[in-house]
Every structure is written in C-alpha cells, then in structure tokens.
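Coordinate analysis (summary)
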Amino acid sequence: AQRLGYSADRSERLVMHQSQARLLCSVPHLRPFDARVLAGSGIVNARQLASLQPGKLVRRVERFLASDRGRKVLRSGTHREVARLTSWLAATRSHA
C-alpha cells in the first residue's frame, strides 16, 4: 500500500481488509463480523489463530473490543452477532 502512495490510514485499512479476507478464506464457517474482530485483535491468518491459547485469544479480543475501534466494530454488528461473540468469549474463557 505504501508503494502505491497510500496514506498511513488508508494503508492500515487495506492491511486490515486483507487480513479479514485471508481469515474468511481460510477458517471454515467464519463470519465477516468475526473476521473483523479477529483482524482488529491483530490476528492475520488461520495459522496464527490456531496457535493461540484460548485465554490469550480472549484477552486479545477483549482488549480490542475495549478500544475505540473495537467499540465501533461492536456497534456495526447485529444483535445476533454481538450475542454470538459474547457467548463465544464466555465459553472460551471457561475452558482457558
């Protein structure tokens, strides 16, 4: 993105979209909302996701969701998506 002369903000958005697309194409049954949350949490591919301990993954996702950008992603999700994410975090937390 920088070689194309994009601004830092635009480059960051492009990298984020690339990460989301990579996750969507490589993690079966992953939904776009979940890919936005994972990419925002710094998870860029399926290998990285698979290598994370559940507790570490939960901490990364919770840290992202507490940020301004994370709150914006949460507001963009439907009630069902947010409920699914919340129950997933709770279940993962109990197994960590």
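Residues numbered from 1 in each chain as written. Predicted model: local features only at pLDDT ≥ 70, side-chain atom pairs only at ≥ 80, totals over all residues. Heavy atoms only, no water.

This part covers the packing of helix α1 (residues 8–26) against helix α2 (residues 32–40). In the contact formed by α1 and α2, the axes pass within 9 Å of each other and the chain directions differ by 125°. In this view, α1 runs oblique relative to α2, as classed from their interaxial angle. The hand of the α1/α2 crossing is right-handed. Listed contacts from α2 to Met 16, Ser 19, Gln 20, Leu 23 and Leu 24 of α1 are Pro 32, Ala 35, Arg 36, Leu 38, Ala 39 and Gly 40. Classifying every residue of the contact of α1 with α2 gives 7 nonpolar, 3 polar and 1 charged. (Axes fitted to C-alpha atoms, helices over the stretch in contact; angles between N-to-C directions. Helix = DSSP H or I, 4+ residues; strand = E, 2+ residues; numbered from the N terminus. Parallel < 35°, antiparallel > 145°, perpendicular 65-115°, else oblique. Left-handed = near helix turned anticlockwise from the far one by under 90°. Contact = heavy atoms within 4.5 Å. Nonpolar A, V, L, I, M, F, W, Y, C, P; charged D, E, K, R; others polar.)

Next up on the list: the environment of Leu 85. Residue placement: Leu 85 occurs in helix α6 (residues 79–95). What makes Leu 85 buried here is its relative accessible area of 7%. As for Leu 85 and Asp 34, which are separated by 51 residues in sequence, their C-alpha atoms are 7.6 Å apart. (Buried < 20%, exposed > 50% of the residue type's maximum accessible area, 1.4 Å probe, protein only.)

Atom-level detail of predicted coordinates should not be read off regions where pLDDT is low. For the protein, the average pLDDT comes to 86, and 90% of its residues sit at 70 or higher. Mean pLDDT in the protein bottoms out at α6, which sits at 79, and peaks at α2, which reaches 94. (pLDDT = per-residue confidence, 0-100.)

The subject of this paragraph is the nonpolar core. Of all hydrophobic cores here, the largest spans 19 residues; its most connected members are Leu 23, Val 37, Leu 38, Ile 43, Leu 57, Val 61 and Leu 65. Every element with two or more residues in this core is listed here: α2, α4 (54–65) and α6. In contact with Val 61, not counting residues within four places along its chain, are Val 37, Leu 38, Ser 41, Trp 88 and Leu 89. (Core = buried A, V, L, I, M, F, W, Y, C linked by side-chain atoms within 4.5 Å.)

Here we come to the environment of Ala 39. Along the chain, Ala 39 turns up in helix α2. Taking C-alpha positions, Ala 39 is 6.3 Å from Met 16, a pair spaced 23 residues apart along the chain. Sequence-distant contacts of Ala 39, defined by excluding residues within four places in its chain, comprise Met 16, Ser 19, Gln 20 and Leu 23.

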